[in-house]
Amino acid sequence: MDFYSTQITNLVEQLSRLPGIGEKSAQRLAFHILNMPEEQVAGLSEAMVSAKKNVRYCKECCTYTDEELCPICRNMRRNHRLIMVVENPRDLAAYEKTGKYEGVYHVLHGAISPMAGIGPQDIRLSELMVRLQKDVDEVIVATNKNLEGDTTATYISKLVKPLGVKVSRIASGVPAGGDLEYIDEVTLYRALEGRVDM
Ligand code: ZN
């Protein structure tokens, strides 16, 4: 790769650290960036640095936000007694796109996976339990329909049910092993509507 100048090589190397970016894609992106107007490149790098600096977990639901509370938790028209538990902010975004869910969320940032050494203490479960000290009618577990997602759902159900809070699980219809992110909105909405008590 040293047939490029050091700076280009460095740019290509940095880009190829991103997920899904192989060396060829990294080269393509690097040359694209070099052809962009300078203010666009500055905008891109500033957006990255400032997001990294300012984005944190929402104090309530643990999704990413640059304020203390995310817009969904701040919205008083949402039903704060209905909490949907998802694995990551991308899943939250997928459900928000259906435009049909009125409750709030809780983002775990992962799922329990004994194989990968990820236990209950490694995801944002204790934060969920704190929220359940307030009045909550139902916890909808919308973790992925795979081994980790199911393990997490069972674990949550065992924790939450003794508190007298209803726990439900999104319906089948979400393909086994399927990432929520890649499912269309109608399917997601049906999975939500057809949720079953745990
Ligand atoms: Zn929030």
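See the structure printed just above.
This structure is a prediction, so every number in the text was calculated from the model and none was measured. Residue positions within a chain follow its written sequence, with the count starting from 1. Only residues with pLDDT of at least 70 get local features here, since the model is predicted, and only at 80 or more are side-chain atom pairs given and counted; chain-wide, interface and lining totals rely on the full set of residues. Side-chain descriptors were evaluated using all non-hydrogen atoms of the structure, hydrogens and water having been removed beforehand.

Student: I tried to follow the coordination of the zinc ion on my own but got confused; where do I start?
Tutor: Coordination angles at a metal have ideal targets, namely 109.5 degrees for four tetrahedral donors and 90 or 180 degrees for six octahedral donors. Sodium, potassium and calcium take a 3.2 Å donor cutoff, other metals 2.8 Å, and in both cases only N, O and S atoms count; water is not among them, so sites may look incomplete. For the zinc ion, the protein coordination sphere consists of Cys58 (SG), Cys61 (SG), Cys70 (SG) and Cys73 (SG), at 2.3 Å. Metal sites are grouped by the angles between bound donors: all angles between 85 and 135 degrees with four donors is tetrahedral, opposite donors over 155 degrees apart with the others between 65 and 115 is square planar for four donors and octahedral for six, and any other pattern is irregular. Coordination at the zinc ion comes from four donor atoms whose angles at the metal span 106 to 117 degrees, giving a geometry best classed as tetrahedral. Look at where the donors of the zinc ion fall in the sequence and you get C-x2-C-x8-C-x2-C. Classification of Cys58 by relative accessible area gives buried; the value is 2%. For Cys61, a relative accessible area of 1% gives the class buried. The buried label applies to any residue whose accessible area, calculated with a 1.4 Å probe on protein chains only, is under 20% of its type's maximum; exposed applies above 50%, and partly exposed to all values in between.

Student: How should the packing of helix 5 (residues 89-98) against helix 8 (residues 185-193) be read in this particular structure?
Tutor: Packed helix pairs are characterised by how far apart their axes lie and by the angle those axes make with each other. Axis lines are fitted to C-alpha atoms, over the contacting stretch for helices. Their N-to-C directions set the angle, which ranges from 0 to 180 degrees. A run of H or I in DSSP counts as a helix once it spans at least four residues, and a run of E counts as a strand once it spans at least two, with each numbered from the N terminus. At a minimum axis distance of 9 Å, the contact between helix 5 and helix 8 shows a crossing angle of 95 degrees. In terms of orientation, helix 5 and helix 8 fall into the roughly perpendicular class. Mapping the contact onto sequence places Ala94, Tyr95, Lys97 and Thr98 in helix 5 and Glu185, Leu188, Tyr189 and Leu192 in helix 8. Per-class residue counts for the contact of helix 5 with helix 8 are five nonpolar, one polar and two charged. Working rule for angles: under 35 degrees goes down as roughly parallel, over 145 as roughly antiparallel, 65 to 115 as roughly perpendicular, anything else as oblique. Residues count as neighbours in contact if any of their non-hydrogen atoms are within 4.5 Å of one another. Charged means Asp, Glu, Lys or Arg here, nonpolar means Ala, Val, Leu, Ile, Met, Phe, Trp, Tyr, Cys or Pro, and polar covers whatever is left, Gly included.

Student: Teacher, can you tell me more about the side chain of Arg169 here?
Tutor: Relative to the elements of secondary structure, Arg169 occurs in strand 6 (residues 166-169). Looking at Arg169, the relative accessible area reads 6%, which means it is buried. Polar contact criterion, stated in full: a pair of N or O atoms within 3.5 Å, where within protein one must be able to donate a hydrogen and the other to accept it, and residues adjacent in sequence count only if both atoms are side-chain atoms. Side chain to side chain, Arg169 and Asp150 meet in a polar contact 2.7 Å long. Leave out the neighbours within four places in its chain, and Arg169 touches Val141, Ala142, Thr143, Asn144, Lys145, Gly149, Asp150, Ala153, Arg195, Val196 and Met198.

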